[in-house]
Amino acid sequence: MSELLYAKGLSRFYGEQAVVKELNFSVKKGEVLGFLGPNGAGKSTTMKMLSGNLSPSQGEIIINGYDLLAEPKQAKAHIGYLPETPPLYKELTVAEFLSFSADINKIPRSAKKKAVESVIERCGLTEVTKRLIGNLSKGFQQRVGIAQAIIHSPAVVILDEPTSGLDPIQIREIRQLIRDIANEHSVILSTHILPEVQMLCDQVQIINKGQLLFSDTIAGLRQQMQSSSLLVTLLAPPDVSILTALPAVNLVEQISPSQFRIHYSPDNDPSEAIVSLSVTQQWQLRHLSSEQHSLEDVFMKIIQNEQEH
Amino acid sequence: MFALAKNELYRLFLSPLAWIILALSQLILAYLFLSHIDYFIQVQGRLSAIPGAPGVTQSIAIPLFSNAATLLLLISPLITMRLIAEERRNESLPLLLSAPLSIVDIVLGKYLATYAFFLLLLLLISLMPLSLAVASPLDYRLLAAAILGLSLLLASFTAIGLYLSSLTKQPAIAAMTTFASLFLLWIIDWAGTNADSSGLFSWLSLLRHYQRLLQGEVHSSDIAYYLIIVATFLILTIRRLDSERLN
């Protein structure tokens, strides 16, 4: 079975309110799955359920062939989890803490020293092994949290907003670290930062209010983000109907007497036609730009699509 | 489970609290111990004239164990309060919950670590009366009964404290509720002294069972009482942590 983690019909209710509704997804070996959504969308709840910290109200989770609910010990041996706040004992040194994580993750005594050393090296903790965790910067604490999650070489690593609260340099370093981890483990991460998903993930799931709205590869998301409208300023504009009649143009919105937004079918950009026509017809083109979709736009678009269906 | 217990005990000794509790309880009990000796030396001449009068063990060691129980009632909530409440406040509980450990492992690990600490304290307390062996014959059976009694009492203190710590996020609240519960269980037999119908209350009293052990009477019913208390509160803790994942 190539699917390392597989969730079906995952739901979670708090009282009457559904926080997560009927999520279905799977992660294959070596894949990075990103959960994208605004705050309060149910990302953390989903991560908690996947890591066994919270039982789902409905649905099943299979990790590396073990049912998380029926065989929690075996299933949990194959996951590493870093919650939003790294779970650390601040009074321990980095080396002591990692040695403890190795113990509770049932790493045999003979392999323990090697596991701790390798994880210290991989997470760039060599200089701070003897320091107390409480005295480390947030970035290093996050690294210790990640080290703890991967020390037993789990099949799936679950990271809940791994870069929140870090400064830009730390964010870059942590992303690099996650990319390295992804070479050896499957990773599920949640975030509300779109570039992070683009940089790190193979698969994207967008959720809002506990519902899965969009599930595709990163290329699919790029397509969604691709612009399909132009912003055009013409000082001597023709009649709107002339613009609408251009090939591939679907809709023309007039924003002001001289400004237009031209929506076109994807893969058929009418910019060139407009430029050449503006020269021959003397429309006095002043501005032409393709509109970039931000995450909000994509997000709103996906939510709107969902509501239309 | 044992890895968890080892770590728990290690972290306990990293905090100054454990050392301070060990040092100060030793100081107070040593003072009481010395004053009991002092008193015994004063009355020794008169006691020797009475046949069947209390001996060294009965007049020095037993009052010491009785005092120690009261002192430990006051300080044990300070040790047990942090067990789960602090993990919750630091949000470090997911570390244990997502590791391949069952809730039973987690609860027993924490329980064993704390109990090991109290047994160490008990050892230090027991050394005081044992040091009298240099100068005087001791009633070792009576002493053994008292040590057994205190160890059972501490086992139940730990279990009750662990449960109350699992109910809250604030260690201070855990300490206060533990202290109140222990104190209530301590004095609950006061209600039993004036009415005949309150056999249940006096049976519930932690003190009543301890006193019988201090008199050198080892009844299996008293031992069973403490074991029932320990088992009950451990099961309640396990259930509490389990239900947290469900709700």
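Residues numbered from 1 in each chain as written. Chains lettered and ligands numbered in written order. Predicted model: local features only at pLDDT ≥ 70, side-chain atom pairs only at ≥ 80, totals over all residues. Heavy atoms only, no water.

### Some words on the state of the cysteines
Residue and element names in this part refer to chain A.
Okay, so step 1: For the coordinates displayed, the defined rule picks out zero disulfides over all chains.
Okay, so step 2: For Cys201, which is in no disulfide, the shortest distance to another cysteine sulfur is to Cys123 and amounts to 18 Å.
Okay, so step 3: Residue Cys201 is classed as buried on the basis of its relative accessible area of 4%. (Disulfide = S-S within 2.5 Å. Buried < 20%, exposed > 50% of the residue type's maximum accessible area, 1.4 Å probe, protein only.)

### Considering the side chain of Ser76 of chain B
Residues and elements named next belong to chain B.
Okay, so step 1: With respect to the helices, strands and loops of the structure, Ser76 is situated in helix 3 (residues 56–80).
Okay, so step 2: What makes Ser76 buried here is its relative accessible area of 0%.
Okay, so step 3: Excluding residues within four positions of it along the chain, Ser76 makes contact with Phe118, Phe157 and Leu182. (Helix = DSSP H or I, 4+ residues; strand = E, 2+ residues; numbered from the N terminus. Contact = heavy atoms within 4.5 Å.)

### Notes on the confidence of the model for chain B
Okay, so step 1: Looking at chain B, pLDDT values average 90 and 97% of them are 70 or higher.
Okay, so step 2: If you check the scores for this complex, the pTM reads 0.85 and the ipTM reads 0.87. (pLDDT = per-residue confidence, 0-100.)

### Some words on a nonpolar patch on the surface
Residues and elements named next belong to chain B.
Okay, so step 1: A grouping of Leu120, Leu123, Leu127, Leu130 and Tyr140 is seen on the molecular surface, where their side chains present a nonpolar patch of about 450 Å² in accessible area.
Okay, so step 2: When residues of the nonpolar patch are assigned to their parent elements, the largest contribution, four residues, is made by helix 6 (residues 103–131).
Okay, so step 3: By the element assignment, Leu130 lies in helix 6.
Okay, so step 4: Using a relative accessible area of 34% as the deciding quantity, one classes Leu130 as partly exposed. (Patch = residues over 30% accessible without salt bridge, like charges linked within 9 Å, V, L, I, M, F, W, Y side chains within 5 Å. Areas by Shrake-Rupley, 256 points an atom, 1.4 Å probe, with all protein chains shown as cover. Salt bridge = Lys/Arg side-chain N within 4 Å of Asp/Glu carboxyl O.)

### Overview of the domain arrangement of chain A
Okay, so step 1: According to the domain assignment, chain A consists of domain 1 (3–224) and domain 2 (227–292).
Okay, so step 2: The straight-line distance from the C-alpha centre of domain 1 of chain A to that of domain 2 of chain A is 46 Å. (Domains from an automatic or database assignment.)

### Side note on the pairing of strand 7 (residues 156–160) of chain A
Residue and element names in this part refer to chain A.
Okay, so step 1: Burial runs high along strand 7: five of the five residues are buried.
Okay, so step 2: Burial along strand 7 is two-sided: the face carrying Val156, Ile158 and Asp160 and the face carrying Val157 and Leu159 are both buried.
Okay, so step 3: In this structure, strand 6 (residues 79–82) lies alongside strand 7, joined through four bridges in parallel fashion. Looking at strand 7, one finds that Leu82 is bridged to Leu159.
Okay, so step 4: Relative to strand 8 (residues 186–191), strand 7 runs parallel, the two sharing five bridges. (Pairing = 2+ DSSP bridges.)

### Digging into the packing of helix 6 of chain B against helix 11 (residues 220–246) of chain B
All names here are of chain B.
Okay, so step 1: Across the interface, helix 6 lies against helix 11 with an axial gap of 9 Å and an inter-helix angle of 135 degrees. Of the possible angle classes, the one that applies to helix 6 and helix 11 is oblique. Our pair here, helix 6 against helix 11, has a crossing hand that is right-handed. Listed contacts from helix 11 to Ile103, Val104, Val107, Leu108 and Tyr111 of helix 6 are Val230, Leu234, Thr237, Ile238, Leu241, Asp242 and Arg245.
Okay, so step 2: Its residues assigned to classes, the contact of helix 6 with helix 11 shows nine nonpolar, one polar and two charged. (Axes fitted to C-alpha atoms, helices over the stretch in contact; angles between N-to-C directions. Parallel < 35°, antiparallel > 145°, perpendicular 65-115°, else oblique. Left-handed = near helix turned anticlockwise from the far one by under 90°. Nonpolar A, V, L, I, M, F, W, Y, C, P; charged D, E, K, R; others polar.)

### Observations regarding the confidence of the model for chain A
Okay, so step 1: Chain-level statistics for chain A give a pLDDT mean of 86 and a share of 94% at 70 or above.
Okay, so step 2: When mean pLDDT is taken per element in chain A, helix 3 (residues 94–104) of chain A scores highest with 94 and helix 11 (residues 295–308) of chain A scores lowest with 66.

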